[in-house]
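# Commentary on secondary and tertiary structure
Now for the letters of each chain:
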Amino acid sequence: MKIIQVEDYHDLSIKAAQHIITKIQNEPDLVLGLATGSTPKGAYKQMINDFQKNNTSYRYVKTVNLDEYVGLAKNDINSYFTFMNEHLFNHIDIPYSQTHIPNGMAKDLQTECNNYDKLIHSLGGIDLQLLGIGHNGHIGFNEPYTSFKTRTHIVKLTSSTRYANERFFQHINEVPKYAITMGIQTILESKQILLLISGKDKRKAVHKLLVEQNMSEEFPASSLYDHPHVTIIADKAALSLT
Ligand code: GLP
């Protein structure tokens, strides 16, 4: 694992965007795995700035998102579909047909999961997967004790994850109880992984990941130890217990 320490969230966003932009410049038809949550928002903003200033084109890029809530319509204000359009896709030149997010409203969710893995495979696999991390070490929506062998699947969200995401909703009762997520195996098959970690509230998770280094399904992010190309960009606050 390569660890890049940065001063703060602003720095992290710039470094993450540079990493992604360089990759796109070298491979314009990249398959880019994207994440939601607060952490990547700043990087997406920097990518939009770069697009406006330097015209880095996403015309041939294909994207696959990590996860989506079950039961939220695409145009729901809290769907990850809406998040990605608002925070990135509406502001760059990527054709919407080249952006992919699991459909949390699919009638047959299991078929949706299987088709999502097939889609990733048909695109030639993920070249670079962007990740955040949950307080309990979840990646995507793979909660503690998820098998490292999982492919895209349906998960029941833990109450800690639902409470962590409550801030985006009016009330905890509105936070969906289930989600579709790429599995840990699906994530690990990405050729490269970029994990972004910011803020004091992630410091215990960072301690587990970087200091304890105990590979266990109890801590999903520890699955990354086995991956040959992981870059972690973390700010000082997140690294404060290391
Ligand atoms: C959510 C997402 C994850 C994300 C995590 C951390 O549960 N499904 O992909 O990494 O939260 O989010 P944040 O960046 O807001 O701390």
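Attention here is on the structure that accompanies the text. (Residues numbered from 1 in each chain as written. Predicted model: local features only at pLDDT ≥ 70, side-chain atom pairs only at ≥ 80, totals over all residues. Heavy atoms only, no water.)

### Considering the overall build of the chain
So the rule is basically this: Secondary structure elements follow DSSP: runs of H or I no shorter than four residues count as helices, runs of E no shorter than two count as strands, and numbering proceeds from the N terminus. Here the globule rule reads 2.2 Å times residues to the power 0.38, and the radius of gyration is calculated from C-alpha atoms. For each residue, the accessible area found with a 1.4 Å probe, counting protein chains only, is set against the maximum for its type, and the residue is called buried under 20%, exposed over 50%, and partly exposed in between.
Along its length, the chain carries seven helices and ten strands. Over its C-alpha atoms the chain spans a radius of gyration of 17 Å, differing by no more than 12% from the 18 Å that the globule rule assigns to 242 residues. In terms of overall dimensions, the chain has C-alpha extents of about 45 × 40 × 35 Å along its principal axes. Every one of the 242 residues in the chain was classed for burial, and the buried ones make up 55%.

### A short note on the site of the ligand
Test applied: The rule for a residue being near a molecule or strand is that one of its heavy atoms must lie within 4 Å of it. Between N or O atoms, a polar contact is any pair within 3.5 Å; within protein, one atom must be a potential hydrogen donor and the other a potential acceptor, and residues adjacent in sequence are included only when both atoms are from side chains. Accessible surface area values rest on a Shrake-Rupley calculation with a 1.4 Å probe, where residue burial reflects the displayed protein chains alone. Residues are grouped as follows: Ala, Val, Leu, Ile, Met, Phe, Trp, Tyr, Cys and Pro are nonpolar; Asp, Glu, Lys and Arg are charged; every other residue, Gly included, is polar.
The immediate surroundings of the ligand are formed by 13 residues, with S38, T39, D67, R167 and K202 found nearest. The separation between an oxygen atom of the ligand and a polar side-chain atom of T39 is 2.4 Å. Between D67 and the ligand, the recorded distance is 2.8 Å, taken from a side-chain N or O atom to a nitrogen atom. Contact with the protein chains removes 94% of the 390 Å² of surface that the ligand exposes when unbound. Here the shell around the ligand is composed, by residue class, of three nonpolar, seven polar and three charged.

### What to know about the nonpolar core
Across soluble globular proteins, you tend to see nonpolar side chains buried next to one another. Spelled out, the test is: Put simply, a nonpolar core is a bunch of buried Ala, Val, Leu, Ile, Met, Phe, Trp, Tyr and Cys residues held in one set by side-chain atoms that sit within 4.5 Å of each other. Throughout, a residue-residue contact means that at least one pair of heavy atoms, one from each residue, lies within 4.5 Å.
Residues L131, M182, L195, I197, L209, L224 and I232 are the most contacted members of the largest nonpolar core, which totals 30 residues. Taken together, the elements giving at least two residues each to this core come down to α4 (109-122), α6 (184-188), β9 (192-197), α7 (203-212) and β10 (230-235). Of all the elements, α7 adds the most residues to this core, at four residues. If we ignore the near neighbours within four places in the chain, the residues touching I197 are L12, T39, I133, K202, V206, L209, I232, I233, A234, D235 and A238.

### Comments concerning the sheet that holds strand β4 (residues 67-69)
The following threshold applies: Being paired, for any two strands, means DSSP has found at least two bridges between them. Axis definition: a line fitted to C-alpha atoms, limited for helices to the stretch in contact. Angles are taken between N-to-C directions and run from 0 to 180 degrees.
Read across the sheet, three strands follow the order β4-β8-β7 without closing on themselves; strand pairing throughout is antiparallel. Either end of the sheet is taken by a strand with one partner, and the two such strands are β4 and β7 (153-156). Averaged over all neighbouring strand pairs, the angle between strand axes comes to 25 degrees, with direction disregarded. As defined by bridge partners, β4 adjoins strand β8 (residues 178-181) across three bridges and the pair is classed as antiparallel. What sits directly across from D67, in β8, is T181.

### Remarks on the pairing of β8
Taken together, the four bridges between β7 and β8 define a ladder with antiparallel strand orientation. Bridging across to β8, V155 finds its partner in A179.

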